[in-house]
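# A look at the structure
Read off the chains here:
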Amino acid sequence: MKRTRKYLAGAAVTAAVAGMTTVSYAAPATAPHDTAGRAAHSATADAASTPAAARKHAPTPRIVAPGERVTGAPGFELWLTPEGKHWTTPDMPEGQFRSVVDGNIDLSSPGVSLQYEGTPERVHLSGLYYGGKGTASAVEVETRAGTVAGKLIELPGRPGWGVWYATAVPDDSSWDFVSEVTVRDTKGRVYASLTRR
């Protein structure tokens with residue numbers, strides 16, 4: 001069974017680890033950091049003067065306690081600590097870690113990272129998002145198998161970062177399986193994005 005693990009978050013391509021390809025990549029930031037207005041749901045306007053579609057609450061990230069485990073797919077778990085993102089895969093049940101405090105990412109500038117692990121049944125996609133304006137609401141992932149909608153999780157308060165995750169149907173699990181990751185805010189604007197092509 002071939003399993004491929006890939007990481008995209010820095011500016012350089014790194015060496016293969018334990019026979020699995022590892023790739024790093026980062027997208028430029030486009031907006032300043034501002035988490036003002038964060039609430040459990042976005043505010044709605046006067047029902048009499050707002051169209052029905054606009055009155056609906058936009059989703060916000062699921063708030064998780066430090067160390068609370070979230071199942072992204074069978075065998076894939078995620079959890080957050082103030083230091084960063086942790087996750088397990090069927091190949092790495094002891095866990096992996098991506099820091100938000102080691103100086104490798106700039107939380108004051110919008111950005112998205114990408115890690116993906118593939119099995120014959122599924123590709124598990126996840127990464128950090130950070131530094132965007134407003135409240136993150138949704139994530140869309142453009143893959144060679146089509147567009148995938150993911151989910152967002154954050155720690156309580158206003159950490160300035162969170163984790164997105166999604167599951168896709170694999171193709172050949174090549175390094176360019178994902179072409180773009182876009183996190184949008186509660187108003188539908190781009191919070192942060194990563195473009196690989």
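## Some words on the sheet that holds strand 11 (residues 146–149)
- Taking strand neighbours across the sheet as the criterion, the four strands line up as 11-10-14-15 in an open arrangement whose pairing is antiparallel. At either margin of the open sheet sits one strand with a lone partner, and together these are strand 11 and strand 15 (190–195). For this sheet the average axis-to-axis angle between neighbouring strands, irrespective of direction, equals 15°.
- Note that strand 10 (residues 136–143) and strand 14 (residues 178–185) share seven bridges and pair antiparallel. Residue pairing for strand 14: V139 is matched across the bridge by V183.

## A short note on the nonpolar core
- Counting 21 residues, the largest nonpolar core has V112, L125, Y129, V141, W164, V181 and V183 as the members making the most contacts within it.
- Every element with two or more residues in this core is listed here: strand 8 (114–118), strand 9 (123–130), strand 10, strand 13 (161–168), strand 14 and strand 15.
- Contact partners of V112, with chain neighbours within four places excluded, come to L128, Y129, Y130, W164, V181, V183, A192, S193 and L194.
- The next biggest cluster of nonpolar side chains, apart from the first, holds 14 residues, and it includes L80, I105, I153 and L155.

## Points about the pattern of salt bridges
- Following the criterion strictly, the structure yields four salt bridges and no others.
- Residues E140 and R184 are paired through a salt bridge, measuring 3.6 Å at the closest nitrogen-oxygen approach. Taken as a pair, E140 in strand 10 and R184 in strand 14 lie far apart in primary sequence, 44 residues in all.
- The salt bridge partner of R189 is D185, with a shortest N-O separation of 3.0 Å.
- Residue classification places D185 among the buried positions, given a relative accessible area of 5%.

Conventions and cut-offs
Residues numbered from 1 in each chain as written. Predicted model: local features only at pLDDT ≥ 70, side-chain atom pairs only at ≥ 80, totals over all residues. Heavy atoms only, no water. Pairing = 2+ DSSP bridges. Helix = DSSP H or I, 4+ residues; strand = E, 2+ residues; numbered from the N terminus. Axes fitted to C-alpha atoms, helices over the stretch in contact; angles between N-to-C directions. Core = buried A, V, L, I, M, F, W, Y, C linked by side-chain atoms within 4.5 Å. Buried < 20%, exposed > 50% of the residue type's maximum accessible area, 1.4 Å probe, protein only. Contact = heavy atoms within 4.5 Å. Salt bridge = Lys/Arg side-chain N within 4 Å of Asp/Glu carboxyl O.

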